[in-house]
Amino acid sequence: METSAAMDVEEQPSPNPSNVKRFGLKNSIQTNFGDDYVFQIVPKDDWSAMAVSLSTNAVKLYSPVAGQYYGECKGHSATINQILFSGPSNPQVLCSCSSDGTVRAWDTRTFQQVSSINAGSSQEVFSFCLGGTSGNLIAAGCKSQIMFWDWRNMKQIACLEDSHVDDVTQVHFVPNEQSKLISASVDGLICTFDSTGDINDDDHLESVINMGTSIAKVGIFGESYQKLWCLTHIETLGIWNWKDGRNEGNFSDARTLASESWTLDHVDYFIDCHYSREAEKLWVIGGTNAGTMGYFPVNYEGVATIGAADAILEGGHVSVIRSVLPMSEFHSGPTNSPSQGIFGWTGGEDGRLCCWLSDDSSESNQSWISSTFIMRPERTRKKNRHHPY
């Protein structure tokens, strides 16, 4: 059952009206009753659906254009740490990994589990990715280990256990070099591996970068995907060239730099980074505990600086924002995605999914509130934002 009502959104004065892009709140969906919250939002390749992982250990699917609720995938018995769609070859398959030690695949047409990989009874899976030279590898970041399986038969083919000494928070195959795998860990190390042949620590570890502190999230970017951004659990930001190990920018005071570039509350945390290949521009996305979010441009060439916010989203959330799903580029207008003027979606610890319209849209002075009425199961919830596991 869903209810909706139209309401006016009060126009707020922009902190810097000359160059800040405003966004109107189009839609706010309460994902559940109680104190459940949103971990991650990911899109299907054709943008016909978006998947949302929740602190109820379930994944719900919605329309990214209309906000319509499609259904949910349930089966994990502990925190879901990452979700992603498997790609064009299996567009209906959604994958998830969890602290219950499994990587699971779901058919989003039926919302049923179609396969599962178990990393071991004492393991937790904090991150995973699909790729490799053949496109058939699953790599998973676990407790100080990186495990590999063959996607076709779900058989484990390798386990790297000497390169990291703590939880592996991130694993990514490099987009234009699928044989290369980049991992990051709570131990502060970023490792690059060659995933071809008989994978092992001795012969396949190619390089190590030491960030010096626990790593929360990394992303590969640049014209030839040679650069790496890195966000840490103490809210610092680093820019690296992973091919030659060169540090191109170190922002140990990133929160202060971002906070000084707008007139709103102090930036309390960073959510993610976003890179536009068209504009060749990187933004770090920062938020406040009250639920305001900004896109801050990162300049790492020459003097390392974080500039004034290019976009500010406020009035949708009332707590920490956990995930951002952009649907169009705010610097160039909507892309070919069926965004209908939608800038994107955000999700947070208030349990809300918020949809944001570009201020070019005639609808940006209204919002629609929608709720899906599903009873919340009794459970115990960990509250650490950076370590949901």
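Structure's up top.
Residue numbers run consecutively from 1 along every chain, following the written order of its sequence. Residue-level local features of this predicted model are given only where pLDDT is at least 70; pairs of side-chain atoms are given and counted only at 80 or more, and the full residue set underlies all totals for whole chains, interfaces and linings. Values reported for side chains reflect all heavy atoms of the structure, with hydrogen atoms and water molecules removed beforehand.

Asks: Go over the pattern of salt bridges with me, naming the residues and quoting the values.
Replies: We define a salt bridge as a contact between a side-chain nitrogen of Lys or Arg and a carboxyl oxygen of Asp or Glu at a distance within 4 Å. A full pass over the atoms with the stated rule returns 12 salt bridges. A salt bridge links Arg152 to Asp150; its shortest N-O distance comes to 2.8 Å.

Asks: Can you break down a negative patch on the surface residue by residue, with the values?
Replies: Within this analysis, patches are made of residues with over 30% relative accessible area and no salt bridge. Like charges are joined at 9 Å or less; nonpolar side chains (Val, Leu, Ile, Met, Phe, Trp, Tyr) at 5 Å or less. The method behind every accessible area is Shrake-Rupley, applied with a 1.4 Å probe, and residues are considered shielded solely by the protein chains displayed. The charge count includes Lys and Arg as positive and Asp and Glu as negative, but it does not include His or the ends of the chains. Note on charges: their place is set at NZ of Lys, CZ of Arg, CG of Asp or CD of Glu. Side chains of Glu161, Asp162, Asp198, Asp202 and Asp203 sit close together on the surface and give a patch of like negative charge. Within the fold, Glu161 resides in the loop between strand S14 (155–160) and strand S15 (168–174). Here a strand is any run of E in DSSP of at least two residues, a helix any run of H or I of at least four, and the numbering for each starts at the N terminus.

Asks: Please set out the sheet that holds strand S11 (residues 127–131) residue by residue, giving values where relevant.
Replies: The strand order across the open sheet formed by four strands is S11-S12-S13-S14, and the pairing between neighbours is antiparallel. Each end of this open sheet is capped by a strand with a single partner; those strands are S11 and S14. Adjacent strand axes in the sheet meet at a mean angle of 20°, parallel and antiparallel pairs treated alike. When DSSP finds two or more bridges between a pair of strands, those strands are recorded as paired. Axis angles are defined between N-to-C directions and span 0 to 180 degrees, where every axis is a line fitted to C-alpha atoms and, for a helix, only to the segment in contact.

Asks: Which residues make up the pairing of strand S28 (residues 321–326), and what values do they have?
Replies: Exposure is judged per residue with a 1.4 Å probe applied to protein chains only, and the accessible area is read against the type maximum: over 50% gives exposed, under 20% gives buried, and values in between give partly exposed. Summarising burial for S28: five of the six residues are buried, a large majority. Relative to strand S29 (residues 342–348), S28 is paired through five bridges, and the arrangement is antiparallel. What sits directly across from Ser323, in S29, is Gly347.

Asks: Tell me about the sheet that holds strand S9 (residues 102–107), and please be specific about residues and values.
Replies: Read from one edge of the open sheet, four strands run S7-S8-S9-S10, paired in antiparallel fashion. The sheet is open, and its two borders are formed by strand S7 (80–85) and strand S10 (112–118), each paired with just one other strand. Strand after strand, the sheet turns through a mean of 20° between neighbouring axes, direction not considered. Summarising the sheet, S7 and strand S8 (residues 93–98) pair through five bridges and their orientation is antiparallel. Residue pairing in the sheet places Phe85 in a bridge with Leu94 of S8.

Asks: I'd like to hear about the nonpolar core, residue by residue, with values.
Replies: Put simply, buried Ala, Val, Leu, Ile, Met, Phe, Trp, Tyr and Cys residues joined by side-chain atoms within 4.5 Å make one nonpolar core. Counting 21 residues, the largest nonpolar core has Trp229, Leu237, Ile239, Leu282, Val284 and Phe296 as the members making the most contacts within it. The greatest single-element share of this core, amounting to three residues, is contributed by strand S23 (residues 269–276). In this analysis, two residues are considered to be in contact whenever any of their non-hydrogen atoms come within 4.5 Å of each other. In this view, Leu282 contacts Phe221, Trp229, Ile239, Cys273, His274, Tyr275, Phe296, Pro297, Val298 and Tyr300; residues no more than four positions away in its chain are not counted.

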